[in-house]
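The residues making up each chain are set out below.
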There are 2 protein chains.
Amino acid sequence: MKIKKIKKIVKDIFIKNNLSSSDAEISSKAIINAELVGAYGHGLSRLKMYCDRIQKKIINPKPKIKIKKISPSISHIDAKNSIGFVAADIAIKTAIKNAKKTGIGMVAVKNSGHYGLSGYYAEQAVKKNLIAMIYTNAPPAIAPHGALKSLFGTNPICFASPTGSKIPFILDTSISMINRGKIRVAAKNNKKIPKGVALDIFGKPTIDAKKALAGVQLPIAGFRGSGLAWMVDILSGVLTGGNHAGRVKDPFDDFSGPQNIGHLFITFKANLFQKNYNQRIKDNIKTIKKLPKIKGIKEIMYPGENKFNRYRKNLKKEISIPENIRKDLITLISN
Amino acid sequence: MKIKKIKKIVKDIFIKNNLSSSDAEISSKAIINAELVGAYGHGLSRLKMYCDRIQKKIINPKPKIKIKKISPSISHIDAKNSIGFVAADIAIKTAIKNAKKTGIGMVAVKNSGHYGLSGYYAEQAVKKNLIAMIYTNAPPAIAPHGALKSLFGTNPICFASPTGSKIPFILDTSISMINRGKIRVAAKNNKKIPKGVALDIFGKPTIDAKKALAGVQLPIAGFRGSGLAWMVDILSGVLTGGNHAGRVKDPFDDFSGPQNIGHLFITFKANLFQKNYNQRIKDNIKTIKKLPKIKGIKEIMYPGENKFNRYRKNLKKEISIPENIRKDLITLISN
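How each quantity is defined
- Residues numbered from 1 in each chain as written.
- Chains lettered and ligands numbered in written order.
- Predicted model: local features only at pLDDT ≥ 70, side-chain atom pairs only at ≥ 80, totals over all residues.
- Helix = DSSP H or I, 4+ residues; strand = E, 2+ residues; numbered from the N terminus.
- Rg over C-alpha atoms; globule rule 2.2 N^0.38 Å.
- Buried ≥ 20, exposed ≤ 12 C-beta atoms within 10 Å, placed from the backbone.
- Contact = placed C-beta atoms within 7 Å.
- Least-squares fit on C-alpha atoms with pLDDT ≥ 70 in both.
- Pairing = 2+ DSSP bridges.
- Axes fitted to C-alpha atoms, helices over the stretch in contact; angles between N-to-C directions.
- Core = buried A, V, L, I, M, F, W, Y, C linked by C-beta atoms within 7 Å.
- Parallel < 35°, antiparallel > 145°, perpendicular 65-115°, else oblique.
- Left-handed = near helix turned anticlockwise from the far one by under 90°.
- Nonpolar A, V, L, I, M, F, W, Y, C, P; charged D, E, K, R; others polar.
- Expected span 1.5 Å × (residues − 1).
- Right-handed = clockwise from strand over helix to strand, strands pointing away.

Colleague: It is not clear to me how the overall build of chain A should be interpreted in this structure. Could you clarify?
Modeller: A tally of helices and strands in chain A yields eleven helices and nine strands. Scaling as 2.2 N^0.38, a compact globule of 335 residues should have a C-alpha radius of gyration of about 20 Å, and chain A matches this with 20 Å. Dimensions of chain A along its principal axes, counting C-alpha atoms only, are 55 × 50 × 45 Å. The 335 residues of chain A split such that 58% are buried. Long-range pairs, those at least 24 residues apart, make up 62% of the contacts in chain A with a sequence separation of at least 6.

Written out as structure tokens, the structure is:
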């Protein structure tokens, strides 16, 4: 289906579900972006879930989001159970404004929901020549080191920087060996997942996506990855007033209340300390790209480069929609 | 040897090497702290190296460190090739002051050197009820994902938070499968290193510590760890004005000039958004500690807990000094 057409359908579905036209625009843009960068677990596969949660009144389609100024650099947002996209959009714009004014911006968000890809918001900051660091927690998926039960979310760490070129440096890495979204898509399409990334509910390794969803995902790098996931839970949950310690509800399975996810956005001017920052990072990337390569590797890529290239390529194509998601769309648009 | 006695010896050695009494105090304290927490690779094993670099005039024992105020929250420090401990001590104190005044502090340092453990400085911030994030780069040790040559340092990520108890949460994790300091100690004591943490110069796995030092350390988690190491190189090197892209010299082997390491210190009030932060994090830790445990695990520990307990235990003991380091000390004190 053509990108414009599918975007319009998604926007119309959101409007049907009582989002304002501008909030529907923000949300549909974020979903289509996820499709275009190839992050299908954050794209159309989630649309029905968002609508279900709005129908069940645990996402508020017309939230009165509150922005509290703590200092010229720092703001606190109560998202009032809005759809995550809208909360994150306000948050990154506030963080950008604060950083532009004072050099550094910090925005904490509570009572929010799943907002898709951190990198999508980071990119907005990079376009203003800012560095961005973004943290969000998520429903339990990873067991803390030493524990037999999952508690941390896949808790992504996002870091983004201008590069002096069109393609920003965007590291947006989950602390899980595999993205939960990827397991979900595999489960929906009855596909296997790689070895060594998840355990079933009995603590046994599994390649069955459905068993992995019910079980535990493994953190990267053992206790180090577990520590990083814990850090993200503190920064986005404990600090902000969001849920933490495993209390963020799974948006697909648990309709007993809002998610109350927390996010933290930190932005600062890239040229705070060195006027020629862009030249410096260009040199950094160039030096690294020139290193001798492992056999079979054509080019050393920096984080975000592959995603950007995929985006650019997909922008010229139509979006192919799996049959089950096509059915969701038809139901949602005709409801 | 008694802790007080060995600390006095180290301080005297630094004074002999032209550090001011207060800078010698700062530096000896940091070195003894590393011994007490069991981070021997950052302790006495480095003392001779610091003195060698001072003798060769590539560490300046009497630097005129410059602190430039960028904004009420942000400062830039030119360490003028001081010993890293002294630069880091000024930096964390400045970051604490800025955060106490405005809610958030950010301090970048250039022209610095190896400063030991990031967690040691983070602890100072936590004692003032601040959260701290600290980044520093280091000499080449890890190959970027896809490259056959090491370029990134072990580039630690440090995150610290108050916990409402005496033991702070201090995640201080290198992006390498193993700390370079540990390999160095193993090499000095002719011990083996674990499998799967390093390659020799030909790209072959090795458990020989000396071959590993000459070769390449592996990053945690493949391209994710490589991305995190790259992030640290940008934050501490590209941003600050420090060396980056593999240009930080190995302090033990390369006396051709100063290291010009860069550091970044970010601090902010833990209770910026939630007045009961300490209560919230206490609840967070308590909930996680209550999870069912893997067989053989007595307690789920948070980052920094083991180190703190080790410190407390070692504080009551004497410091045992390996024979080769004892020889170094005798030479240094009688020179």
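Continuing now.
Colleague: Would you mind showing me how to read the relation of the copies chain A and chain B here?
Modeller: Between the two copies of this chain, the relationship is a rotation about some axis together with a displacement along it. After a rotation of 180° and a shift along the axis of 0.0 Å, chain A superposes on chain B with an RMSD of 0.0 Å. Here the copies are linked by what is in effect a two-fold axis. Of every C-alpha in chain A, the one belonging to Ala221(A) sits nearest the axis of rotation, 2.9 Å from it. Mapped onto chain B, 100% of the interface residues of chain A again fall at the interface, so both copies present the same surface.

Colleague: Help me understand the sheet that holds strand β5 (residues 157-161) of chain A in this model?
Modeller: Whenever strands of a sheet pair, they do so through backbone hydrogen bonds, lying parallel or antiparallel. All names here are of chain A. In spatial order, the strands read β1-β2-β3-β9-β4-β5-β6; together these seven strands make up an open sheet with mixed pairing. With one partner strand each, in any of the chains shown, β1 (66-69) and β6 (169-173) form the two edges of the open sheet. Within the sheet, the average angular offset between the axes of one strand and its neighbour, ignoring direction, is 10°. Here strand β2 (residues 74-78) pairs with strand β3 (residues 104-112) via five bridges, running parallel. Bridge pairing in β3 links His76 to Ala108. On top of the sheet, helix α8 (residues 222-238) reaches β4 (130-136), β5 and β9 (261-269); it is set at about 90° to β9, its chief contact.

Colleague: Please explain the nonpolar core as it appears in this structure.
Modeller: One broad rule of soluble globular proteins: the nonpolar side chains tend to lie buried together. Counting residues in hydrophobic clusters, the biggest one holds 208 residues, and the most contacted among them are Ala91(A), Ala160(A), Ala91(B) and Ala160(B). Not counting chain neighbours up to four residues away, the residues in contact with Ala160(B) comprise Gly119(B), Ala122(B), Glu123(B), Ala125(B), Val126(B), Ile131(B), Ala132(B), Pro168(B), Phe169(B) and Ile170(B).

Colleague: Looking at this structure, how should I read the environment of Phe14(A)?
Modeller: Turning to its location among the elements, Phe14(A) is positioned in helix α1 (residues 3-16). Excluding anything up to four places from it in sequence, Phe14(A) contacts Leu19(A), Ala24(A), Ser27(A) and Ser28(A).

Colleague: I'm lost on the packing of α1(A) against helix α2 (residues 21-36) of chain A in this one. Help?
Modeller: Two measures define how a pair of helices packs: the angle their axes make with one another and the distance between the axes. All names here are of chain A. As a packed pair, α1 and α2 sit with axes 8 Å apart at the nearest point and diverge in direction by 135°. If you check the angle between α1 and α2, you find them oblique. Between α1 and α2 lies a crossing of right-handed hand. Contact residues: Ile3, Ile6, Lys7, Val10, Lys11, Phe14 and Ile15 in α1; Ser21, Ala24, Glu25, Ser27, Ser28, Ile31 and Ile32 in α2. Considered class by class, the residues forming the contact of α1 with α2 number eight nonpolar, three polar and three charged.

Colleague: Help me understand the sheet that holds strand β9 (residues 261-269) of chain B, please; the structure alone is not making it clear to me.
Modeller: All names here are of chain B. Strand order across the open sheet formed by seven strands is β1-β2-β3-β9-β4-β5-β6, with mixed pairing between neighbours. Lying at the two open borders of the sheet, with one neighbouring strand each, are β1 (66-69) and β6 (169-173). Ignoring strand direction, the axes of neighbouring strands in this sheet form an average angle of 10°. Sheet topology places strand β4 (residues 130-136) next to β9; seven bridges connect them, and they run antiparallel. When the bridges of β9 are listed, Thr136 appears paired with His263.

Colleague: Please clarify how helix α1 (residues 3-16) of chain B should be interpreted in this entry.
Modeller: Helical geometry note: an α-helix holds 3.6 residues per turn, so side chains three or four residues apart project in the same direction. With 14 residues, α1(B) should reach 20 Å at 1.5 Å per residue; the first-to-last C-alpha distance of 20 Å fits that figure. One or two residues past the end of α1(B) sits Asn18(B), with phi positive at roughly 80°.

Colleague: Got a minute to help me understand the pairing of β3(A) in this structure?
Modeller: The side chains of a regular strand alternate between the sheet's two faces. Residues and elements named next belong to chain A. When you tally the buried positions in β3, you get nine out of nine residues, the bulk of the element. In this region the chain leaves β2, passes through helix α4 (residues 84-102) and returns to the parallel neighbour β3; the handedness of that crossover is right-handed. Judged from the seven bridges that link them, β3 and β9 form a sheet pairing that is antiparallel. The partner of Ala108 across the bridge, within β9, is Leu264.

Colleague: What am I meant to see in the packing of α1(A) against helix α11 (residues 323-334) of chain A here?
Modeller: All names here are of chain A. Where α1 contacts α11, the two axes come as close as 9 Å, and the packing angle between them is 45°. With respect to their mutual orientation, α1 and α11 come out oblique. Both α1 and α11 take part in a crossing whose hand is left-handed. Where α1 approaches α11, its residues Ile9, Asp12 and Ile13 are matched on the opposing element by Leu329, Leu332 and Ile333. Here the contact of α1 with α11 is composed, by residue class, of five nonpolar, no polar and one charged.

Colleague: How should I be thinking about the interface of chain A and chain B in this particular structure?
Modeller: At the junction of the two partners, chain A supplies 55 residues and chain B supplies 55 residues. Among the secondary structure elements, those contributing two or more residues to the side of chain A that touches chain B are β2, β3, β5, β6, α8 and α9 (277-289) of chain A. Sort the elements by how many residues they give to the side of chain A that touches chain B and α8(A) lands first, with eight residues. Broken down by class, the residue content of the side of chain A that touches chain B amounts to 32 nonpolar, 17 polar and six charged.

Colleague: Would you explain unusual backbone geometry in this entry?
Modeller: Residues apart from glycine generally show negative phi values, whereas peptide bonds are mostly found in trans. Residues and elements named next belong to chain A. Backbone geometry at Asn111 places phi at a positive 50°, although glycine is not the residue there. Secondary-structure assignment places Asn111 in strand β3. In the Ramachandran plot, Ala221 falls in the positive-phi region, its phi being about 55° despite a non-glycine side chain. Take Ala221: it is sitting in the loop between β8 (216-217) and α8.

Colleague: Explanation requested: the pairing of strand β2 (residues 74-78) of chain B in the structure shown.
Modeller: Residues and elements named next belong to chain B. In terms of burial, β2 is largely enclosed, as five of its five residues are buried. Here β2 shows two buried faces, one formed by Ile74, His76 and Asp78 and the other by Ser75 and Ile77. Linking two consecutive strands that pair antiparallel, namely β1 and β2, is a turn of four residues.

Colleague: What is the right way to look at the environment of Ser22(B) in this model?
Modeller: Residue and element names in this part refer to chain B. Position of Ser22 among the secondary structure elements: in helix α2 (residues 21-37). C-beta crowding within 10 Å serves as the criterion here: with 10 such atoms nearby, Ser22 is assigned to the exposed category. Spatially, the C-alpha atom of Ser22 lies 9.4 Å from that of Lys11, the residues being eleven residues apart in sequence.

It is worth stressing that arrangement in space is one thing and function is another; only the former is reported here.
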